[in-house]
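Observations on the three-dimensional arrangement
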Amino acid sequence: MPMRVVLHLDMDAFYAAIEVREDPALAGKPVIVGHPGKRGVVATCSYEARTFGVRSAMPSVVAARLCPDAVWVPVRMGLYVEISRRIRKILDEEAPVVEPLSIDEAFLDMTGWAKDLDAGAAIARKLKDRIRAQERLTASVGVAPNKFLAKLASDLEKPDGLVVLPKEAIPETLWPLPVERLWGVGPKGADKLRLGGLRTIGDVARTAEDAIASLMGASMARHVKALAGGEDDRAVEHDRASRSISEERTYTDDLRDPREIDRALLARAQGVARQLRREGLVARTVHLKVRAGDFTTWTRARTLREPTDLVDPIVGAARELLASRVRLEGKGVRLLGVGVSGIAPAGARAGPLFPDADTVRAKRIAGAEDAIRAKLGDTAVTRASLVGSGLPMHHSSGKPRTKNGRGFPEE
Ligand code: DCP
Ligand code: MG
């Protein structure tokens, strides 16, 4: 069993940091995001404002009293959501499993990709660097063998923190913290523990489960005992529903020949289908993106009757969308993309009990092609219509967008 490596990433002073980035004159000042009126509350504030005691969810009148010189800026939700999406894209490109928790935080499961916590820390560093370079914002990351410890670790050295929390560090790092920091223990649960004389997580760790059960019941006692010992086996859950896989190319010379365009469509559909099979997934909706030489752009989608991981239904839908819902009117094609969304694990699909012979055959061929490709590399298998197409093409971006990305369907 490979060692579990879980990351928790949380952006620092998210809305406030974005506002400072948008208006450099705010840098270094106590900035409060929210409405300063009587009924307003603080959404968040810069770390400078926090030194005055200002906090999220605090009534604005209280914040204004604590920090009279603060600069107040209104909430701009649309902007924050857009930046959140771009950060999510970075996470999707660097991690196989991403579970977003809120607009500015996510769990990432790097098990199998990172051999130990130090390798996880190297990935955390890369994520922080990419976010800083692309968005000019800082994130704090915790690296640990499970979700509970990772989330705790990301908070320990905010802002701009990177904390690795191995099991061995538990007595020193976890045990001095108050019992409220145990996941699932609210103010009421904390009161019950304190009634029994247990104030810190270490107190819980050193107390017998039976004694804790008499304070808060058997199942809660089992839960807090596990957490206090640093045990948490909750899985990082990828939100597949919002995921998409896509492939697109930009051509240095616009494609004009319909056969060339069709070959390009097939090649992109093959890439997408292969990616689905590689990850054991099926998809239900096919997306087509076309940009003409004059930059007119179409994005069109069609939902299939059955989820699939095969090229034929995908290219079929893409062809139909191109024929019926894109008006090129003689213009050449500058960019062509095929994508899928509505993704689910292949096993979860019930499927027809007796699939028709064509589907069985197509699956067998696809499986064989994938096997050859795995052995000989990507160019070993090419459909007849692709041979010798020799298209002048280059990737539209440095990194293939198919890997884990939310590709163009969301745009
Ligand atoms: N938020 C909000 N109201 C709250 C808490 C948060 O509107 N009561 C918004 C504003 C925050 C964002 O959600 O910027 C993220 O919440 P966090 O708890 O992660 O807080 P910050 O990112 O602002 O600060 P930190 O550096 O502590 O993570
Ligand atoms: Mg945050």
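Note that the structure is predicted; figures quoted are calculated from it, not measured.

Some remarks on helix 13 (residues 311-325)
Between its first and last C-alpha, helix 13 extends 21 Å over 15 residues, near the 21 Å set by a 1.5 Å rise per residue. Every buried residue of helix 13 is accounted for by V311, I314, V315, A317, A318, L321 and L322. In a view along the axis of helix 13, the buried residues occupy a sector of 160°, so they form one face of it. Along its buried surface, helix 13 packs onto helix 12 (258-278), strand 10 (281-292), strand 11 (297-308) and strand 12 (333-345).

What about unusual backbone geometry?
Looking along the chain, the bond that leaves K158 and enters P159 is cis, with omega of -10°. Structurally, P159 can be placed in the loop between helix 6 (147-156) and strand 8 (162-164). Despite not being glycine, A13 shows a phi value in the positive range, around 40°. Note that A13 resides in the loop between strand 1 (6-11) and helix 1 (14-22). On the basis of relative accessibility, which here comes to 9%, the residue A13 falls in the buried class. Of note in this structure, E329 is not a glycine but carries a positive phi near 45°. Assignment of secondary structure puts E329 in the loop between helix 13 and strand 12.

A few points about the nonpolar core
Judged by nonpolar contacts, the single largest core of 34 residues is most densely connected at L7, L9, F14 and L108. For this core, the secondary structure elements donating two or more residues are strand 1, helix 1, strand 2 (31-34), helix 4 (77-94), strand 6 (105-109), helix 5 (117-135) and strand 7 (139-144). Ranked by the residues each element gives to this core, the list is headed by helix 4, at 6 residues. For L9, the contacting residues outside a window of four places in its chain are L91, D104, E105, A106, L108, L127, I131, A139, S140 and V141. Listed in part, the 33 residues of the second largest apolar core include L266, L288, V290 and A318.

Remarks on the coordination of the magnesium ion (ligand 2)
Taken together, D10 (OD), M11 (O) and D104 (OD) make up the full set of protein donors to the magnesium ion (ligand 2), lying 2.0 to 2.2 Å away. The site at the magnesium ion (ligand 2) holds 6 donor atoms, and with the angles between them running 79 to 178°, its shape is octahedral. Between the donor residues of the magnesium ion (ligand 2), the gaps in sequence give the motif D-M-x92-D. Separated by 94 residues along the polypeptide, D10 in strand 1 and D104 in the loop between strand 5 (97-102) and strand 6 bring together distant segments of the chain. Note on accessibility: D10 and D104 belong to one class, buried.

Remarks on the pattern of salt bridges
Opposite charge on two side chains lets them pair, provided their charged atoms get close. This structure, assessed with the given rule, holds 30 salt bridges. The salt bridge involving D10 is made with K158; its shortest N-O contact spans 3.3 Å. On the criterion of sequence distance, the pair formed by D10 in strand 1 and K158 in the loop between helix 6 and strand 8 is long-range, its members being 148 residues apart. Residue classification places D10 among the buried positions, given a relative accessible area of 14%.

Thoughts on the site of ligand 1
Taken together, 14 residues surround ligand 1, and among them A13, T44, Y47, R50 and D104 come closest. Taking Y15, its main chain carries an N or O atom lying 3.0 Å from an oxygen atom of ligand 1. Where the shell around ligand 1 is concerned, the elements lending two or more residues are strand 1, helix 1, strand 3 (42-45) and helix 2 (47-50).

With respect to the sheet that holds strand 3
With respect to topology, 3 strands assemble into an open sheet ordered 3-2-4, the strand pairing being mixed. Each edge of the open sheet is held by one strand with a lone partner, namely strand 3 and strand 4 (71-73). Adjacent strand axes in the sheet meet at a mean angle of 30° when their direction is disregarded. Sheet topology note: the strand 2/strand 4 ladder contains 3 bridges and is parallel. Of the residues in strand 4, the one forming a bridge with V31 is V71.

Calculation rules
- Residues numbered from 1 in each chain as written.
- Chains lettered and ligands numbered in written order.
- Predicted model: local features only at pLDDT ≥ 70, side-chain atom pairs only at ≥ 80, totals over all residues.
- Heavy atoms only, no water.
- Helix = DSSP H or I, 4+ residues; strand = E, 2+ residues; numbered from the N terminus.
- Expected span 1.5 Å × (residues − 1).
- Buried < 20%, exposed > 50% of the residue type's maximum accessible area, 1.4 Å probe, protein only.
- Arc of directions from axis to C-beta.
- Contact = heavy atoms within 4.5 Å.
- Core = buried A, V, L, I, M, F, W, Y, C linked by side-chain atoms within 4.5 Å.
- Donors = N, O, S within 2.8 Å, 3.2 Å for Na, K, Ca; no water.
- Tetrahedral: all angles 85-135°; square planar, octahedral: opposite > 155°, others 65-115°.
- Salt bridge = Lys/Arg side-chain N within 4 Å of Asp/Glu carboxyl O.
- Near = heavy atom within 4 Å.
- Polar contact = N/O pair within 3.5 Å; in protein donor to acceptor, adjacent residues only side chain to side chain.
- Pairing = 2+ DSSP bridges.
- Axes fitted to C-alpha atoms, helices over the stretch in contact; angles between N-to-C directions.

Purely spatial values, then, with no claim about function.
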